[in-house]
Amino acid sequence: MNFKFLFFLLFSITFCFSQESSELNKYTLDVNQFYGSIILHNPDISHLIEEHPTGVILSYNRKTYGSKDWEELYNYPDLGYSFIYQDMDNETLGKNYSLYAHYNFYFFKRNIQLRVGQGIAYTSNPYDKTTNFRNNAYGSDFLSSTYLMFNYHKENIFKGLGFKAGISIIHYSNANFRAPNTSTNTMALNAGLVYDLDGGTEIEYIHREKEKVTEPLRYNFALRTGLNESDVINSGQYGFVVLSTYADKRLGRKSAIQIGADVYFSNFLKELIRYQSIAFPENNVAADDDYKRVGIFVGHELFINKMSIISQLGYYVYYPFDFEGRMYNRMGLKRYFGDNVYGAITLKSHGAKAEAVELGVGIRL
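Just so it is clear, the model here is predicted, and its values are computed rather than measured.

Visitor: Outline the pairing of strand β11 (residues 255-266), supporting the account with residue identities and numerical values.
Guide: Summarising the sheet, strand β10 (residues 238-250) and β11 pair through eleven bridges and their orientation is antiparallel. Of the residues in β11, the one forming a bridge with Lys249 is Ile257. Adjacent in sequence and paired antiparallel, β10 and β11 are bridged by four residues. In terms of strand pairing, β11 meets strand β12 (residues 293-304) through ten bridges, oriented antiparallel. Opposite Ile259, over in β12, you have Val298 as the bridge partner.

Next up, the structure:
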């Protein structure tokens, strides 16, 4: 996979974090071992599920105490970076090495921690048509990766030392940047230690008066682009362009709802249509069938200071060529630069089947 793109992905997430500097600084380290199983999310990877993956998660965390308004709003989360080493315990899949930026969110008197991490992974044994043709999960050396941890988390039990234990899910995929891309999801049990670098020194949380946020209806225009490939191996990578327009209405400090439309110019579909018209004449696909698609969608935006998380569910109203069904979804990150301009990294998929990672810019008026 294109390393420059993945570097940009991690850099973008890191940049989002770097803008959240706080006057109050406190740092922790944690280390977790895990043991799990690959989830059979697709029967095509059944031959890859043989043993139980193991590994270690190393993390560096900066705690927040309310120097920024959003920190109290989200119950003073941590911002951090993590590294995962995972042995898939399978010669075909090899080993994965991953770097992430993450958030830790806290619940139930800060005893329950939810971590959400996004980053890049290097896999030691990707698909090769000659030497590793059985690996239909990873079609490239570099992958995008997301992981979740849901842990019981107890800090500072003895001189800054604490522990955590729970469940983790680790996802690897190249988002159809290159075929094959069946991907893997590992569900694992994890346990480990957490250490406060200040030895357990307590800092008071800052509490502020909550301000009510109201906005009129806002209008968005976005341009998204990238590269992807169909599931036909070696069919080639092609650029795509997505034009989006939508209206959003702020519901409060955290949320806005959206309604809008997308127009897709996906050039990989041109090649797929041509291929199917020749290889599968029984499908009644003509080489000149239109590759464009138009969809309408509803969505939600979760605001976290200058960064936000978007989720959208769409339906194609113009759909001349059948590709993965009429329903689609998009999830990703936005970073605002000023009040109106933003950049975005989003994953467009059909259910659990990824179509593309989209790099976008937009304006909110």
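Visitor: Describe the packing of aromatic side chains, listing the residues and the values that go with them.
Guide: This structure, assessed with the given rule, holds 20 aromatic pairs. Ring geometry for Tyr264 against Tyr316: centres 6.0 Å apart, planes inclined by 75°, an arrangement best described as edge-to-face. Residue Tyr264 is found in strand β11, and its partner Tyr316 is found in strand β13 (residues 307-318); the two are separated by 52 residues along the sequence. Judged by relative accessible area, Tyr264 falls into the buried class, the value being 1%. For Tyr316, a relative accessible area of 0% gives the class buried. Between the aromatic rings of Tyr275 and Phe280, the centroid separation amounts to 6.1 Å while the plane-to-plane angle is 70°, which identifies the pairing as edge-to-face. On the accessibility criterion, Tyr275 (32% relative accessible area) is partly exposed. Ring pairs connect the aromatic residues Trp70, Tyr74, Tyr103 and Phe105, which therefore count as one cluster. Directly above the aromatic system of Tyr264 lies the positively charged group of Arg293, at a separation of 5.2 Å from the ring centroid.

Definitions and limits used
Counting restarts for each chain: residues are numbered from 1 in the order of the written sequence. Only residues with pLDDT of at least 70 are given local features in this predicted model, and only at 80 or more are side-chain atom pairs given and counted; all residues enter the totals for whole chains, interfaces and linings. Where side-chain values are given, they derive from all heavy atoms of the structure, hydrogens and water being excluded. Between any two strands, at least two bridges found by DSSP are needed for them to pair. Each helix corresponds to a stretch of at least 4 residues labelled H or I by DSSP, and each strand to a stretch of at least 2 residues labelled E; elements are numbered beginning at the N terminus. Aromatic pairs are defined between Phe, Tyr and Trp rings, using the six-membered ring for Trp, whenever the two ring centres lie within 6.5 Å; interplanar angles under 30 degrees are classed as stacked, those over 60 as edge-to-face, and all others as tilted. Relative accessible area decides the class of each residue, using a 1.4 Å probe on protein chains only: under 20% of the type maximum gives buried, over 50% gives exposed, and in between gives partly exposed. Either the NZ atom of lysine or the CZ atom of arginine qualifies as a charge over a ring when it sits within 6 Å of the ring centre and within 35 degrees of the ring normal.

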